[in-house]
Amino acid sequence: MLDADADSSVIGVAFFPARRGLPRGVCGEGAFGRTTVAVVCSGSGIRSATVTKGHAMSEQPAPYDMYTAATFDEAGIPVLLIGDSASNDVFGNKTSLPVTVDQLLPLVRAVSGAARQALAIADLPFGSYEASAEQCFHTAVRFMKEAGAHAVKPEGGEEMVPEHVGAEITRSVAVPTVGIGARNGCDAQVLVWQDMAGPRTGQLPRFVKRYADVHGVLREVAQNFAADVAKGTFPAPEHTF
């Protein structure tokens, strides 16, 4: 959908309902079904980025801090999504509904600042874009201007759909699709890193594949630290000024 080289003026993508007019500041658009895809521009490009339709963009873990983002970036993950799932995985809410733009901005800033190669995409949370195209535009500008997001995505409800539905949507639209629970008929896959790597415990959604047990590792680290302090073996002379 979007090809931007280092000299271009494209800094991100915002999505607006096609029935509404585009606000000032949007320098390009293309209508796809019920959605208008608008390219938001500035005087100079931020980084090289290619978001294309028709081939997989690999996984998009959802990081929320600088160290996790830097690790995924180093691993070669091309897109980092800072999702409204931070409502659950950072702030401890039961759903994604309560999270606000002001809560997400510092998380996006941490990720975009740590990423050297990956594209940092920020979710526009519920209530921050639905009222009008102008509201969507101004919220997108905040994420790009204040938090350094390279692109934005209005958070919708098309998740955990049957495989054939995800594949049909991917065939039917001109923009890239990202799946979570819709199998591999989509152009890309996303997993929340706390689910993928194991800090989160308990019942996991069906679409999650756990690749590590970070919870178990951190628990062992904490236990060993507490035991060393209790025994007086830490801090040792080499840890003391």
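Since we're looking at a predicted model, the values are computed, not measured.

Here the focus is the overall build of the protein chain. Helix and strand counts for the protein chain stand at seven helices and 11 strands. Residues classed as buried in the protein chain amount to 42% of the 241 residues present. Partitioning the contacts of the protein chain with sequence separation of at least 6, the portion at a separation of at least 24 is 56%. Looking at the protein chain as shown, the accessible area adds up to about 13300 Å², and 56% of this sits on carbon and sulfur atoms.

Another aspect to go through is a nonpolar patch on the surface. A cluster of nonpolar side chains, namely Phe225, Val229 and Phe234, defines an oily patch on the protein surface of about 270 Å² accessible area. Following the sequence through the fold, phenylalanine 234 ends up in the segment after helix 7 (214-231).

As a further point, take the pairing of strand 8 (residues 119-124). Counting buried positions along strand 8 yields six of six residues, so the element is predominantly enclosed. Side chains Leu119, Ile121 and Asp123 of strand 8 all project onto a buried face; the interleaved residues Ala120, Ala122 and Leu124 project onto the opposite face, where all are buried too. The pairing of strand 7 (residues 79-82) with strand 8 spans four bridges and is parallel. Opposite leucine 80, over in strand 8, you have alanine 120 as the bridge partner. Judged from the four bridges that link them, strand 8 and strand 9 (residues 151-154) form a sheet pairing that is parallel. Residue leucine 124 lies in a different strand from strand 9, and its bridge partner there is proline 154.

Membership of the largest hydrophobic core comes to 36 residues, with the highest contact counts inside it found for Tyr64, Leu80, Ile82, Val108 and Phe143. Taken together, the elements giving at least two residues each to this core come down to helix 1 (66-74), strand 7, helix 3 (101-114), strand 8, helix 4 (133-147), strand 11 (188-192) and helix 6 (193-197). The residues touching phenylalanine 143, leaving out its near neighbours within four places in the chain, are Val101, Leu104, Leu105, Val108, Ala122, Asp123, Leu124, Pro125, Gly148, Ala149 and Val152.

Bringing helix 5 (residues 163-172) into the picture now. Within the sequence span of helix 5, burial applies to Gly166, Ala167 and Thr170. The arc that holds every buried residue of helix 5, seen down its axis, measures 95°, which confines them to one face. Exposed and oriented more than 90 degrees from the buried face of helix 5 are His164, Arg171 and Ser172.

About the thresholds
- Residues numbered from 1 in each chain as written.
- Predicted model: local features only at pLDDT ≥ 70, side-chain atom pairs only at ≥ 80, totals over all residues.
- Heavy atoms only, no water.
- Helix = DSSP H or I, 4+ residues; strand = E, 2+ residues; numbered from the N terminus.
- Buried < 20%, exposed > 50% of the residue type's maximum accessible area, 1.4 Å probe, protein only.
- Contact = heavy atoms within 4.5 Å.
- Areas by Shrake-Rupley, 256 points an atom, 1.4 Å probe, with all protein chains shown as cover.
- Patch = residues over 30% accessible without salt bridge, like charges linked within 9 Å, V, L, I, M, F, W, Y side chains within 5 Å.
- Salt bridge = Lys/Arg side-chain N within 4 Å of Asp/Glu carboxyl O.
- Pairing = 2+ DSSP bridges.
- Core = buried A, V, L, I, M, F, W, Y, C linked by side-chain atoms within 4.5 Å.
- Arc of directions from axis to C-beta.

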